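Structural features, examined
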There are 2 protein chains.
Amino acid sequence: MQERFVIIGGDAAGMSAASKARRENPDLEIVVLERGNWASYGACGLPYYIKGDIKNIQDLIAIPPEIFREKRDIDLRLNHEVIRISPENKEIVVNTRDGDYKLGYDKLLISTGARAIKPKIPGIDANGIFALRDMDSGKNIKEYLQKNSPASVLIVGGGYIGIEMAEAFHANGLKVYIVELLPHILNSFGTEIAAVVENHLKDYAQLRLGKYVNTITETDTGKLSVQIKDKKSANHEEHILTDMVLLATGIKPEVSIAEEAEIVLGETGAIAVDEYGQTNIPDIYAAGDCAEVKHTVTGQSVYIPLALTANRNGRAIGSTIGGSATCLASIAGTAVVKAFQLEVATTGIIDIDLAKKNGFNPVKVTIDSHSRAGYCPRSKPIKISLMADRKSKKLLGASMVGEEGVVKRIDIIAAALSGKFTVEQLENLDLAYAPPFSPVWDPVLTAARVLKSKLNR
Amino acid sequence: MQERFVIIGGDAAGMSAASKARRENPDLEIVVLERGNWASYGACGLPYYIKGDIKNIQDLIAIPPEIFREKRDIDLRLNHEVIRISPENKEIVVNTRDGDYKLGYDKLLISTGARAIKPKIPGIDANGIFALRDMDSGKNIKEYLQKNSPASVLIVGGGYIGIEMAEAFHANGLKVYIVELLPHILNSFGTEIAAVVENHLKDYAQLRLGKYVNTITETDTGKLSVQIKDKKSANHEEHILTDMVLLATGIKPEVSIAEEAEIVLGETGAIAVDEYGQTNIPDIYAAGDCAEVKHTVTGQSVYIPLALTANRNGRAIGSTIGGSATCLASIAGTAVVKAFQLEVATTGIIDIDLAKKNGFNPVKVTIDSHSRAGYCPRSKPIKISLMADRKSKKLLGASMVGEEGVVKRIDIIAAALSGKFTVEQLENLDLAYAPPFSPVWDPVLTAARVLKSKLNR
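Residues numbered from 1 in each chain as written. Chains lettered and ligands numbered in written order. Predicted model: local features only at pLDDT ≥ 70, side-chain atom pairs only at ≥ 80, totals over all residues. Heavy atoms only, no water.

**Some words on the environment of Ala 355 of chain A**
All names here are of chain A. Inspection of the secondary structure assignment puts Ala 355 in helix α9 (residues 352-357). Each C-alpha atom of the pair Ala 355 and Leu 396 lies 7.9 Å from the other, and the pair is 41 residues apart in sequence. Contact partners of Ala 355, with chain neighbours within four places excluded, come to Ile 349, Phe 360, Pro 362, Met 387 and Leu 396. (Helix = DSSP H or I, 4+ residues; strand = E, 2+ residues; numbered from the N terminus. Contact = heavy atoms within 4.5 Å.)

**Structural notes on the sheet that holds strand β14 (residues 224-230) of chain B**
Residues and elements named next belong to chain B. Strand order in this open sheet of three strands is β13-β14-β15, and the pairing throughout is antiparallel. Pairing within the sheet leaves two strands with one partner each, and these edge strands are β13 (211-218) and β15 (237-242). Between one strand axis and the next, the sheet turns through 25° on average, direction left out of account. Pairing of β14 with β15 involves six bridges; the strand directions are antiparallel. Each bridged residue has a counterpart across the sheet, and for Gln 227 the counterpart in β15 is His 239. (Pairing = 2+ DSSP bridges. Axes fitted to C-alpha atoms, helices over the stretch in contact; angles between N-to-C directions.)

**Quick word on the pattern of salt bridges**
Where side chains of opposite charge bring their charged atoms close, a pairing between them can arise. Residues and elements named next belong to chain A. A full pass over the atoms with the stated rule returns 56 salt bridges over all chains. For Glu 167, the salt bridge identified is with Lys 51, shortest N-O distance 2.8 Å. Separated by 116 residues along the polypeptide, Glu 167 in helix α5 (residues 160-171) and Lys 51 in helix α2 (residues 46-51) bring together distant segments of the chain. A relative accessible area of 4% means that Glu 167 is categorised as buried. For Lys 51, a relative accessible area of 21% puts it in the partly exposed group. Sharing partners across several salt bridges, the network here consists of Arg 35, Glu 81, Arg 115 and Glu 254. (Salt bridge = Lys/Arg side-chain N within 4 Å of Asp/Glu carboxyl O. Buried < 20%, exposed > 50% of the residue type's maximum accessible area, 1.4 Å probe, protein only.)

**Here we look at the relation of the copies chain A and chain B**
At an RMSD of 0.0 Å, chain A and chain B line up after a rotation of 180° and a shift of 0.0 Å along the axis. What we have between these two chains is a two-fold relation. Comparing interface residues between copies, 100% of those in chain A also sit at the interface in chain B, which points to an isologous, same-surface contact. (Least-squares fit on C-alpha atoms with pLDDT ≥ 70 in both.)

**Some details on unusual backbone geometry**
Phi is positive for Asn 79 of chain B, close to 60°, though the residue is something other than glycine. As for its placement among the helices and strands, Asn 79 of chain B is situated in the loop between β3 (75-78) and β4 (81-86).

**Overview of the interface of chain A and chain B**
Chain A puts 56 residues into the contact, and the matching count from chain B is 56 residues. Summed over both partners, the interface of chain A with chain B comes to about 4,800 Å²; 65% of that surface belongs to carbon and sulfur atoms. Taken together, chain A and chain B are joined by four salt bridges. Between Arg 315 of chain B and Glu 427 of chain A there is a salt bridge; the shortest N-O distance is 3.9 Å. Where chain A meets chain B, there are 22 residue pairs in polar contact (both at pLDDT 80 or more). Residue contributions to the side of chain A that touches chain B peak at nine residues, all from helix α10 (residues 407-418) of chain A. Among the residues forming the side of chain A that touches chain B, the class breakdown is 30 nonpolar, twelve polar and 14 charged. (Buried area = accessible area lost by both parts, 1.4 Å probe. Polar contact = N/O pair within 3.5 Å; in protein donor to acceptor, adjacent residues only side chain to side chain. Nonpolar A, V, L, I, M, F, W, Y, C, P; charged D, E, K, R; others polar.)

What follows is the structure, given as structure tokens:
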């Protein structure tokens, strides 16, 4: 009898698994159940669709449903929501507009993704309050901008999405406020790097750092009155009148049906998996924004939901189920965000407390350099934070910011983390040099040299 | 008695050694003998000075002589040429305008650099024929352009310098010819990458590939008539009338005084050194464009004269002589060249024959990808060649070309080569992704995936 591989969730991890399993095994029956109306889309592109760089939301679809169905023989079912997993019968229950049905599986992949965290703020359900997570939510925001021409937006949360959406709203002519509970936006990049971004953002947005939204009230004029409080001084408060609010306070793994099926979650709250992406229940796998991954530096299970990992681990599981056992890759947490004119990037561990919590003795430096040879025109400043462990001298992570040449420089560090490089090995890398592209001593090498000298003190 | 460290040659390797030795040991006497009129300059910037990007040739000087003399207590003597080394007396002979003198040394560094290869072409000494090697030669070319306003230039050699100078001449309004003996310009980057550059160059220069300059004749009108012959078909010839010729046929190590002192050269013709940069004669070191280096991939001694290595190895020797023994770094041969709108980069071994000669069983792929997510505007094509050894599955090298995002992507491979990564380890790197900066699967990862699949066939 034909083996059936059922996949819950039709985005990055799910469709990568489906496609790879099909290539590995032409005989497998592959069914993908997607509760929404879209499959295989680039959610990371949504801010650029809203900004206006990408004209048509359809352009974000990597591969259209017909291709999966017709060319890859994948039974992709949109608007089919899995509401129960019964591991004991190897069966799931699917809800559709036309009622529920049961479907047996031989192998199951849970790639249900994540959902936006909805903060508990009085007034949170008022009109004009949005969150960005999937295609429909992106479409809603775009439509709201087009229909209502709001003059201002308040973004709750200064992480990746908050920053990218600030750029998108600003490009649409809105006045932008960003409210961040932590002392810095992009807090995980470290104070030094975050400060550069904050300074740059001042030209484009009003920042409220160390502050939180206490209540949101609809006014008689159809605006939203947002009450902001200071985290440290209870007496300080501010009311901002805005046309629109975007909640960008992070995401959490969508694990409800997994939990109900007694699939074990890790300490992070995401689904725990082994090196092949298998959960505690045989033949049930998990990947993407609902699952844990192994950290490159610590070897620990972490929750770092990123697009590449979802694609890669989905693909690995598809390969395993298709017949070629393939281990999941570890993740260094490499991330980059465009913040108006700046490129901001990070990889590994750059937070001193987090490093200590993981048993390291962290030493960190921050250096200033340039994207090109000093005598070259259009050279731009680059700031790099680099951290290593004092005992092993091995690298732990880095963050960088600058107007050019940052994105792929962080990947040098990502490679170094994968190779368990010491600071000296990084310092000795033979990196590319030509005056229009870098100083003779690349900023990465300068950072390594300064860090090595601090390690030896 | 105060120990004396004498350095022959005051550019990258020499001045790096001097500065580092001073920092390590305040008591050392440090004398630098530079036969020319300039010290510590960025020769790599000369094409951009000639192009006009850099207005003042003085801007190419990293550190002015006074700083070395006054702030670093380094006895820098310009226009002092060392004409003999007598290891048996630990003494050198220095020639100046005012005559010769002898100088004893405790430690000696030979950092005499390289000189432009002068091809044996009848007519090679005619007026209007130039080579670019040092500051004076760069100044000469710039002055010739300004005084004579030549309308055309023929560049002999399609390597880095030839390509960079083509851009410089084109920016000055000259019609540019490039004559290259090998079948491709940038031949060491591999056919696939070179072909992209050649196609791009067609808008800016007339290419003559597989051809060589047979004779150069001065005409009655003060022009140069260059006779070009085809390497393969003896009957084919062409005469190009040009105002100017640039010889860019490579460089060779400046080793005459070393040879006379019976310092051993390697098979490459450059000075052989041990892991600390010491020659066969105790207390005599060599670094920079006159010395061999160890290749990261093969472990063999090679001659790859590049600026970073000169600086780095000079610095390491300065450290050793200053009291902190420091090994030289290996070199992957990472190089990048700006070719008009293109970035072209290479690292490691990408030539199949060279790989075989070094005992590898090379497998190479070339892939096409993009600098940004497919749906992003302004995404540019990137082409990557990637090579690995079939047996060990380890990476050997890569070449890349594209309009953006190439330079620092080659550094990912440089890091991977240093870490002795397999293709699979490269494929599993957690690289940065955001739509404005790369596809989810970075071109480097795509290349690794395709290569892995070919390795497994």
